[in-house]
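Spelled out, the chains give:
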Amino acid sequence: MNEIEKYVQEKLFELQDEKYRDFHAALMPTVDKETVIGVRSPQLKKFAKEFFKSGDYESFLKILPHKYYEENNVHAALIGFEKDYGKAIKLLDEFLPFVDNWATCDMMRISVFKKHLPELYSKIPEWLGSDNPYTVRFGIKMLMDFFLGENFTAECAERVCSISREEYYVKMMVAWYFATALAKNYNEIIPYIESKRLEKQTHNKAIQKAIESYRITDEQKSYQGRNCMIKNNGIFQ
């Protein structure tokens, strides 16, 4: 263990909450509980931000794989602070193969992507075609984060709809994408639901998430389309 790795681990253990560790580890069946320290997200992000500002983080990003789940989350947060698009992509390509859970995948927020949407859109198919299910999940999340609303095109939805993977956490991200898309691009997305384009489990989960969403109006939830009705479970397969 080098000095920077030791420093990060010591800082994380100073923030440890064992009850939270037990709770959070139970939500991540793909992660060995022994690798979970138990640091609440706000505290971890605060540490990561301070670590980034110190300028001493670069060597930490070269240490892969990490031992602890929270080290991965610090790594993810540090990439999110990167201001250079090309460097952020390089760091992601090095890191994503080691992501082994939904929580680390979903916490990544790379703000510089907002300024490079065409380049990002060209990169996403590479992630969607990865063998690693969490890299695929990340690619779907990028389409959800940056290419809904005014940036939506039918090609985006088709890309997600065409993903055929058996991994649960990929299916659930597809469902999350379509539920969010219903909130932001309802008229363009409802045909996918009406025609039941999604795999059964994914279709049903997307509808469940849509029904639970505060961003979808009651009128939209009660909409009756071709052979379907969102409310009262009429649209479920």
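Residues numbered from 1 in each chain as written. Predicted model: local features only at pLDDT ≥ 70, side-chain atom pairs only at ≥ 80, totals over all residues. Heavy atoms only, no water.

Before going further, it helps to spend a moment on the overall build of the protein. Counting its secondary structure elements, the protein contains 13 helices and two strands. For a compact globule of 237 residues, the expected C-alpha radius of gyration is about 18 Å, and the protein comes in at 19 Å, within 12% of that figure. If one aligns the C-alpha atoms of the protein with their principal axes, the spans along those axes are about 60 × 40 × 30 Å. By the burial criterion, 50% of the 237 residues in the protein qualify as buried. Within the protein, residue pairs in contact and separated by at least 24 positions form 69% of the contacts whose partners lie at least 6 positions apart. Total accessible area on the protein is roughly 12,000 Å²; 49% of this is exposed by carbon and sulfur atoms. Averaging the positions of the 34 positive and the 35 negative side-chain charges in the protein gives two centres separated by 4 Å. (Helix = DSSP H or I, 4+ residues; strand = E, 2+ residues; numbered from the N terminus. Rg over C-alpha atoms; globule rule 2.2 N^0.38 Å. Buried < 20%, exposed > 50% of the residue type's maximum accessible area, 1.4 Å probe, protein only. Contact = heavy atoms within 4.5 Å. Areas by Shrake-Rupley, 256 points an atom, 1.4 Å probe, with all protein chains shown as cover. Lys, Arg positive; Asp, Glu negative; His and termini not counted. Charge placed at Lys NZ, Arg CZ, Asp CG, Glu CD.)

Put simply, the protein has an average pLDDT of 92, and 93% of its residues get 70 or more. Predicted confidence for residues 224-234 stays below pLDDT 50, and this span has 22 contacts to residues more than four positions away or in other chains. (pLDDT = per-residue confidence, 0-100.)

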